[in-house]
Every structure is written in C-alpha cells, then in structure tokens.
Amino acid sequence: MINDTVVELSRLQFAVTALYHFLFVPLTLGLSFLLAVMETIYVISGKKIYREMTQFWGNLFLINFALGVATGLTMEFEFGTNWSFYSGFVGDIFGAPLAIEGLMAFFMESTFVGLMAFGWNRLSKAQHLGVTYLVALASNLSALWILVANGFMQSPEGAAFNPVTMRMELTSFGALIFSDDAQTKFVHTSIAGYVTAAIFVAGVSAYYMLRKRHMELAKRSFRVASLFGVLSVAGVITLGDALGFVGGSAQPSKLAAMEAMWKTEAAPAPFNVAAWPVQGEQRNAWSIQIPYVLTPLLTHTLDKPVPGIDQIEADAAKRIRNGIPAVEALRVLSGDPTNEAALAQFNAHKDDLGYGFLVKRYAQGQDVSKATDSDIAKAAKDSIPDVFSMFWVFRLMVATGLAMLAYFVIAVLLSLRGDVSRQRWFLKIAPWMIPVPFIACEMGWITAEVGRQPWAVFGMLPTWMSASSHSVGYMIFSLVGFALIYTVFAAVEMYLMVRSIRKGPTSDHADSADTQGPSDAAMLDRELSALEHEMVKEQ
Amino acid sequence: MELYFFLKVLWWLLLGVLLMGLAIMVGMDMGVGALLRCVGRTDTERRVALNAIGPHWDGNQVWFILGGGAIFAAFPLIYATAFSGLYIVMLLLLWTMIVRPLGFEYRSKLASPRWRNVWDWALVVSGAVPMIVYGAGIGNMFRGVPFHFNWDLTSYYTGSFLSLLNPFAVMCGVLSLSLACYMGGVMLMGRSEQGAMQNRAKRAATLGGIVAVVLFTIGGVWVSQMQGYRLDHAPAPGLAQTPLLQSVVLADGAWFDNFRAHPLLWLVPALGYAGMALGLVAIRAGRTTLAWWLGALAWIGVIGTAGVSLFPFLMPSSSEPSQSLTVWNSISSQTTLTWMTGWTVVFMPIVLAYTSWAFHVMRGKVRADHVESNPHAY
C-alpha cells in the first residue's frame, strides 16, 4: 500500500537532512574538547593568550553550534513525520535513548553553552572552565545516546516483538545500551569528531601563519591541535577496525557488500583493493586482489569463514519462507490477541518475522500467503545493499582516514622539530585538508546506513515498510522546503565562518593591527581592563 | 498489572509536565521573539531584548526537543500518528523553529541594518508561528483528527491541511500566543531598564494576559457545546493493548465528563484563571518575578484543563472514533516506562537545578551600554 516513490523520497530526505546535520556535529564534538584543553592551559598557566584562543575558537564553535542545533531539531521529529510506521513499531525502544539524550545530555550542553558564551564576566575562572568542560562532556554524551539509538537499528539487541501490542518492545535496557555496535560506533564517531576539529584548528592556524598574522595564537593552536589530532586519528582507525569486526558479525550483508564479495571463498579469502562491482550480474567486472588478506583483516583469524553474497542470499530465502507463517499469524492476532493457534504459530516462526515482512512488498495484494517462489527470490536479492556504492564509499572513507594519519604524523614531527611556521609547503597544504575529515564523516555515515539496507532495523523491519503513508506531492514539498532552507543556512554559515576567520581574534581591532603577537596581547589587555571596569560598575 | 496502570497514569502526568515546561520556558522566548519588533523600536532595544534571553534560549529550547523525544519514548503511537498526520503543520513548526537558533546567533554578527532587519523578522515569525501551531495542535485534539489504522497499525491521515486550521484550533493557537506574549513581555519588563522599552513590554504583557483570559473563557464555553468522545468499552486500562480493540462513542458535552465525575477538578481551570488574573495585578504593581511565576501558573492551569478534559483521550479520531488514541493504548511497555521513570527521577531535578543556577548567574538588568560594548553579546 505504501508507494515506492514515497519511500525513496523519504530516504532521500533523511539522507539529506542527516548528512547535513552531520556536517556540524563532528566539529562540535571535537572543538568543545579542544576549547576545554585550551582553557585548562589558561587557568593553570594564567597566560592570557590561551584565554584569547579559547574565545576565538569559541566564537567559531558557536557559529557552528547554532546550525547543529537547528538541523538537530529536524532529526528529532523526522522519524515521526516521515517514518511513522517505524516510530510506532520500535518507538518503545528507540525513543528511550532519544529522550534520555535530551534529558541528560542536551539540556546540559545547551544550558552551559549559554553560560560559556555569556558568562566570561560573571563566572570565576574555575567556574567558567567547569562550564566549558560540561559542554564538552554533554556534547559527547549526546553522541553516545544517539548512537545507542542507531546501534539498535544496526543490531537490535535487548528487544522482542510483542504480538499483543504489534510492536517491538524493550526487554533489556542493559543489552540496548551496551550493545557492541553502539559502544564501538560511539567511540569511532566521537573521535572522528576530534579529528575533524583538530584539522579545522590546524588548518585555520596554518592560514594565519602563512600570512604572518596572530602568530602567537596560531602557533600554539597548531601545536595543541596536532597533538590532539594524531592521538585521535590513531583512535579512529583502531576503532574503525573494531567496528568492522563487530559489525561484520552482526551484519554479514554489509560486510560482503563493502568488500564486493559475491561468492563465499575458502579462508583465508583474498582482499579486493579495487573492483568494479556489477549488481545485476552479481560479479565484479574487474578487480585487483591481494590474496589471503581479507580473512585476517575482518575476523582477526586465518580460518574463520566470511560469508559471500551468494550464501547470504540463500540464507535470506530460507528465512523468508520461515517468516511468512509468522506474518500470517500476526494478522489473526491483530483482531483477536488471545487466539491460541495463531499465537503458537507466531512463536514457532517469530525469529524470522522481519524476513516475512521483506517479501510482503512483492506478494500479490501484499498478502504474504500468496508469495510465489519468484517473489521470494526477489526479496532475497533485496537482502544485500548496493554493492558498488558500499565498496567505493567505504574505500573513500579509509583513504581519507589514512591521509589524515599521514598529515598529523608530519604535523607533529614538524612542530616537535622546530618552528612549523617556517615549513611553508606544509602550511599551504593544511587549509586544504579542512574538508577531508568532513568527507570522511559523511562517507562513514553512508557506509553505516546504506550498508544496513534493506532494513530500517536490521533483520526486523524493512525500510520500505517504515515510511509514513504520505502522498508523493507532500514528500516533494517537504524535500524542496528543507533543501531551500538548508542551502540558505549553508551559505550564511560559510559566509560568517570565513568572515570571522579572516577577521581573526579580538574581532573589533584585528584588522588595524594584525601583525604580531605582542600588539594583540596589548589589545586584549586593554579590552580586559575595560570589561573589568564594567563589572565593577555593575556591582 | 497494577504497576503498569500506575505507570501509565504517571506518564500521562509527566507528559503534562513536559508540555507545561515547554510552554513556560520556550513560550517565554517565543514571546520575546514575537514582540521583538514592537517592544524594541531601535536596534539597541532589540539587542537588549535578545540578550535578556540570550544565555537561556538554547537551554529552554531543549524542552521542545525533549518533548519530541519523550513522546517518542513514552507514547510512540502518538509520536508516529500525530506528527505524520499533522504533516504540513509540523513542517511549518519545524521550518520556523530551525530559523531561531541562527537568528539569535547570527543577527548581531554584522552591523548592516538590512541583515539585522531580515533576522528580526525571522525571529518574529519563528516566535509567533510555533506558538500558534502549538495551541492549534492541542485544540485539534478536542475536535478529533481524521485518521485510522490498518491491521498492522499503519496509520493513514485522511484530512486536508486546512481542516487543521479550523476556527476552534486557531483560537487555541491565539490563546497560546497570547500567553507566550504575556511571559515574554514580563521577562522583558524584568530585564530591561526603566524607560520606553519597559513600558512597551508592560503593555504587551498586559494585553497578552487580557486576551488569554477572554479566549480561555470562550474556549470553555465552546468546548461545552462540542461533541466529545467517550470510551464505550475497552480492555482494562492496566492491560497492554492496541487502538484496534475498543469502541468509542461521541456525545454532547462529553469533554465535561471528568469534571462532572470529580468536581474537585474544577480547581484546575480555576488555577489558570487565578494565574492570569493575579498576574495582571502583579504586572500593574511592577512585580515582574511574581508575574512570571503567576504566568507559569496560568500555563499549568490552561494545559492542565485541556488534559483533564480530554483524559483518557490523547488524540481522538474523527473519522474512526473507535481507533482513537488514549493513554491506555498508545503508551510504551511497562519495562520502558519503568526505565524512563528512573532516568526522569534522577535527571529532572538536576536539570532544574542547573537551569536555576544559570538564571541566577545571569540575573539582573541587561544594560544598553553593556550590550553595545560586550563582544560576546547578541
């Protein structure tokens, strides 16, 4: 009954709004911690340059933060507006981490971000530092709860289907939040945010050093950022590997698509460095392989088998057949929740309920009891995500990750060896590195979410069933609306960001005296004493 | 089962707390936004207004976000059905809401008067429209919304966008906006220095309060003449259930059933009247803090009246009344409610504590010269 175009438009809208939101989130996650680090140095050492650094980067943080908040609002409600069936089906589980995110993390982040911006003259040094730390902590807690929610979609743990209420219900809160997928992805994602912020700060600092502006601030910021960055990028790669390991066991279909492995091969299987997957023919037109490498890479053993797409589809077909009676029983239970026979039938087949749903879209009149062998074959083919995009998106993410590792290793070596501001070749590269982590983050999102297809909740609820029953016109209207608003937002944000960076620290006076550190410091002193004077007046 | 019944009622109350918290805290900021151009005539006055709520709007807005999350967690079927059914209205709400963070953060970053004017208008619209939608949304619950489910609880909305903007709903929307203006006006009175701006804020707050009293009264009379919904038979409230297992009838004056059965409940609307009436007196006396708390009381009374009147209904269906959503059939499982109760008991007091601390730290008047000279000001 749900129109395929509506489902595709809903997916597109979710991808657009989520990817857009995720342009601002990583920088918030990382920059909040970098601010905390800089302010800590200020409070401990008492050097005013670090206060100036905190305020300068804090200003950029706030420009970015506003858009993160705005676009996050959309996400909080989009499940309800566009994914109504999904929301009713798993809201009992999925809603909880979102609500707790608001209660525990986002309240804290938003309340203290106000004090962080407005409280410089009202709070003691230590209090303000505490506020900055709470913002950093809260933004990361926020990511934790969102990824717990996402972890459930990737690997639905701690829940079971209740035929009385016709929905999934929470059975174990512990299993939900300590799901391997959620925890690994949380660390991977939040550290990816640290890398993003480190590259951003290093890039902008390099821009200043190239122009010999704000040298003191730029050099120190660069040093803090490269240390922070090298540690973080190593963490991201380690956790990414762990995520492949964890995700591989939970979602073999995602893994097989990422590696374009059409046939199950004897362990240790070869690794495709590059390939041209052709989904229709279920093969790679060409590929460059390294023998034996895939098995140890994915399973961390030499002999554990890695199932190929052929095997996954065969399994899916079996499960679809087993799931059909579960869906039939459910239909009876919907009007008559105490029907014993239907309940017994449901319980015997409930593990494959989701696979029964998978064939519903192909069965005549969406009645699974009428599903033919060819319907089942089609549904089984659906159980694999799009291999070509998975294969290349994943490789792009890994490549950008390795490039950032190389960048930070060089950055740290250069700053340790001496004055990085004299390595002009490196300073010229650094600003151009700023987009790279953003690309990596977006590719990571695509790998995780497109790789989960055809499922909204892996193995339980197909994406095509999850959408709201809107008309195509509504979906185009909302998509166009968001696209327009977000385009204007992006333009305004970029403009203000670039403008603030061009202007540099101590915004009001920097243009007239943008030469060297000492004059900046003198200006800051003047400003500070003006502020202190004001405070005295206030009291 | 007894526990489940208790949890269901508790979460109905908490839903009320959430909607009240949202109305009080976000409504205040929305009121300031809606009044921005008429209370603040010069750029400096507008900056004073924005900086009065500057440190707090972000935290307050989380009430709105938490509203979405908590309804998702505790009343998933409401989250799913209401937000998809009221689609265009939700878009209107979201599109205006998402402009607000940028309005606050970006408005004063450039000195150009055109830039600032555009953002001022954006703030006015993003203050007024969400409050109207908020009230209209609640108002529509009295009239019922045309939706139904099929056997697997896929919901279908069969009305048009315009039917959601019926006269009663719009009146509720204006009531909600007027209370927001009351709160925004009171906030600006308290935070601005004596002068023309403070007088304008006082007039706006007074007007908001008077309009609210009038509309609340008209609303009560209107509802008494309206057909309400009544549960005919349904599974026991403490049982897990879907909306497919009950029957509902429409009856004249059914929205007063609960008041007739429990006359003590008349105290709830009385609370609303007391808040608004005494609030107006407090404004006259220039007691802004008191007026603020009385305004909060008014919100509690008004939203409480709607909740008590509708109970146990949350979202009645006008096209398929027997599939109406109630507290009993749209709520989460006992396990989820238990966990959510635990999180709320621990964190809600913490949230209230640091919110109060933030207001305490930033207390006092926002001075024009301070706004002009402070590089961190909006």
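Since the structure is predicted, the reported quantities are computational estimates derived from the model, not experimental observations. Residue positions are given per chain, counting from 1 as you read along its sequence in written order. Starting at A for chains and at 1 for ligands, labels are handed out in the order in which the entities are written. For this predicted model, a pLDDT threshold of at least 70 governs which residues receive local features, and a threshold of 80 or more governs which side-chain atom pairs are given and counted, while totals over whole chains, interfaces and linings are taken from all residues.

Peer 1: I'd love a proper account of the overall build of chain A, names of residues and values included.
Peer 2: In DSSP terms, a helix is any run of H or I states spanning at least four residues, a strand is any run of E spanning at least two, and both are numbered starting from the N terminus. Scanning chain A for helices and strands turns up 19 helices and six strands. With the C-alpha coordinates of chain A rotated into their principal frame, the extents come out at 80 × 55 × 40 Å. Any residue with 12 or fewer other C-beta atoms within 10 Å of its own C-beta is exposed, any with 20 or more is buried, and the rest are partly exposed; the C-beta atoms used are placed from the backbone. Buried residues in chain A amount to 54% of all 539 residues. Note that contacts rest on C-beta atoms placed from the backbone: two residues are in contact if these are within 7 Å. Taking the contacts inside chain A whose residues are at least 6 apart along the sequence as the reference set, 75% of them involve residues at least 24 apart.

Peer 1: Describe in detail the interface of chain A and chain B, supporting the description with residues and values.
Peer 2: Contacts between chain A and chain B engage 65 residues on the former and 61 residues on the latter. Residue assignment for the side of chain A that touches chain B shows that the elements contributing at least two residues are α2 (48-82), α3 (84-118), β2 (167-170), α10 (309-335) and α18 (472-503) of chain A. Here the term charged refers only to Asp, Glu, Lys and Arg, the term nonpolar to Ala, Val, Leu, Ile, Met, Phe, Trp, Tyr, Cys and Pro, and the term polar to all other amino acids, Gly among them. Per-class residue counts for the side of chain A that touches chain B are 33 nonpolar, 24 polar and eight charged.

Peer 1: Would you mind going over the domain arrangement of chain A in detail, with residue names and values included?
Peer 2: All names here are of chain A. What marks off one domain from the next here is an automatic or database domain assignment. By domain assignment, chain A separates into domain 1 (4-251 + 385-505 + 513-524) and domain 2 (255-384). The interface of domain 1 with domain 2 comprises 25 residues on the first partner and 24 residues on the second. Of all elements in the fold, only α7 (215-250), α14 (387-417), β6 (461-462) and α17 (463-466) reach the threshold of two or more residues within the side of domain 1 that touches domain 2. Here the side of domain 1 that touches domain 2 takes five residues from α14, the largest share from any one element. Residues of the side of domain 1 that touches domain 2, tallied by class, amount to 17 nonpolar, seven polar and one charged.

Peer 1: Account for the pairing of strand β4 (residues 283-290) of chain A, naming residues and giving values.
Peer 2: Any two strands between which DSSP finds at least two bridges are classified as paired. In the sheet, strand β3 (residues 271-278) of chain A pairs with β4 of chain A via six bridges, with the strands oriented antiparallel. Looking at β4 of chain A, one finds that Val-278 of chain A is bridged to Arg-283 of chain A.

Peer 1: Would you mind going over the environment of Ala-296 of chain B in detail, with residue names and values included?
Peer 2: All names here are of chain B. Tracing the chain through its elements places Ala-296 in helix α12 (residues 288-310). Looking at Ala-296, the number of C-beta atoms within 10 Å reads 21, which means it is buried. The spatial distance from the C-alpha of Ala-296 to the C-alpha of Phe-161 is 31 Å, given a sequence separation of 135 residues.

Peer 1: Can you explain helix α13 (residues 334-361) of chain B? Please cite residues and give values.
Peer 2: Residue pairs three or four apart in sequence face the same way in an α-helix, which turns once every 3.6 residues. In this model α13 of chain B runs 40 Å from its N-terminal to its C-terminal C-alpha over 28 residues, within 8% of the 40 Å that 1.5 Å per residue would give. To obtain the bend at a residue, axes are fitted to the seven residues ending there and to the seven starting there, and the angle between these axes is taken. A maximum bend of about 30° is found in α13 of chain B at Phe-347 of chain B, where proline Pro-349 of chain B lies one to four positions downstream. For α13 of chain B, every residue scored as buried is listed here: Thr-335, Thr-336, Leu-337, Met-340, Thr-344, Val-351 and Ala-358 of chain B. Turning to α13 of chain B, the residues buried within the fold contact α3 and β2 of chain A together with α1 (2-39) and α3 (57-74) of chain B. Expected span of a helix: the number of residues minus one, times 1.5 Å.

Peer 1: Can you break down the confidence of the model for chain A residue by residue, with the values?
Peer 2: pLDDT measures the predictor's confidence residue by residue and takes values from 0 up to 100. In the predicted model, chain A carries a mean pLDDT of 88, and 94% of its residues have values of at least 70. Confidence drops under pLDDT 50 across residues 535-539 of chain A; counting only partners more than four residues distant or on other chains, this segment forms one contact.

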